Amino acid sequence: QVQLAESGGGLVQSGGSLRLSCAASGRTFTIIAMGWFRQAPGKEREFVAAINWLGTSTSYSDSVKGRFIISRNNAKNTLYLEMNSLKPEDTAVYSCAASRTGGTPNTSPLYEYWGQGTQVTVSS
């Protein structure tokens, strides 16, 4: 199986930056794509970004495109999310996920493995 562990969440001021990491362990060779999702209190879980493990394709939600950058370090089995120009509406629990599906999946059912999530709070 695959285990995922997020880190890097915290409190940041509006306009600031934060970098999230997601370390994958276990049968990481089965991973085809990875993504980030977020969920704010009282809201549905929302797709943020995805990347195929070859790094040849990325996908972003309209709300974060141009501000967030998803990347990966295959040698370290680690996924990253660089978040810039943060806004209070970015406040949420951010979870990473791994998929055996090709491409850059943007819906939760296409991901088989999930991390526990890390809280990101953007103050105004």
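Everything that follows concerns the structure shown earlier in this document.
Residues numbered from 1 in each chain as written. Predicted model: local features only at pLDDT ≥ 70, side-chain atom pairs only at ≥ 80, totals over all residues. Heavy atoms only, no water.

Glancing now at the nonpolar core. Residues Leu 4, Trp 36, Leu 79, Leu 81, Met 83 and Tyr 94 are the most contacted members of the largest nonpolar core, which totals 30 residues. Secondary-structure elements contributing two or more residues to this core are strand E1 (2–7), strand E3 (18–26), strand E4 (33–39), strand E5 (46–52), strand E7 (68–73), strand E8 (78–83), strand E9 (92–99) and strand E11 (118–123). Leave out the neighbours within four places in its chain, and Met 83 touches Gly 16, Ser 17, Leu 18, Leu 20, Arg 67, Phe 68, Tyr 94 and Val 120. Residues Phe 37, Phe 47, Ala 50 and Ala 97 belong to the second largest nonpolar core, which totals five residues. (Core = buried A, V, L, I, M, F, W, Y, C linked by side-chain atoms within 4.5 Å. Buried < 20%, exposed > 50% of the residue type's maximum accessible area, 1.4 Å probe, protein only. Helix = DSSP H or I, 4+ residues; strand = E, 2+ residues; numbered from the N terminus. Contact = heavy atoms within 4.5 Å.)

With that out of the way, let us pick up the side chain of Asn 52. Looking at where Asn 52 falls in the secondary structure, it is placed in strand E5. In this structure the side chain of Asn 52 is engaged in a polar contact, spanning 3.0 Å, whose partner is the backbone nitrogen of Ser 57. Residue contacts for Asn 52: discarding those within four places in its chain leaves Ile 32, Ala 33, Ser 57, Arg 72, Gly 103 and Thr 104. (Polar contact = N/O pair within 3.5 Å; in protein donor to acceptor, adjacent residues only side chain to side chain.)

A few words now on the sheet that holds E8. One open sheet accounts for four strands, arranged E1-E3-E8-E7; its pairing is antiparallel. Since the sheet does not close on itself, it has two edges, and those belong to E1 and E7, each with one partner. Taking the axes of each pair of neighbouring strands and ignoring which way they run, one obtains an average angle of 15° across the sheet. Judged from the six bridges that link them, E7 and E8 form a sheet pairing that is antiparallel. What sits directly across from Ser 71, in E8, is Tyr 80. (Pairing = 2+ DSSP bridges. Axes fitted to C-alpha atoms, helices over the stretch in contact; angles between N-to-C directions.)

Under the counting rule described, the total for this entry stands at one disulfide. Linked covalently through their sulfurs, Cys 22 and Cys 96 form a disulfide whose S-S length is 1.9 Å. When the S-S torsion is 50°, as for the bridge of Cys 22 with Cys 96, the disulfide is right-handed. Taken together, the positions of Cys 22 in strand E3 and Cys 96 in strand E9 put the pair 74 residues apart, joining distant regions of the chain. The same class applies to Cys 22 and to Cys 96, which are both buried. (Disulfide = S-S within 2.5 Å.)

What follows covers the pairing of E5. E5 sits mainly inside the fold: six of its seven residues count as buried. With six bridges joining them, E4 and E5 adopt antiparallel strand pairing. For Trp 36, the partnering residue across the bridge sits in E5 and is Ala 49. The hairpin formed by E4 and E5 contains six residues between the paired strands, and Gly 42 there has a positive phi angle of roughly 75°. In the sheet, E5 pairs with strand E6 (residues 58–60) via three bridges, with the strands oriented antiparallel. Residue pairing in the sheet places Ile 51 in a bridge with Thr 58 of E6. In this structure, the hairpin formed by E5 and E6 is closed by a connection of five residues, where Gly 55 is found at a positive phi of approximately 75°.

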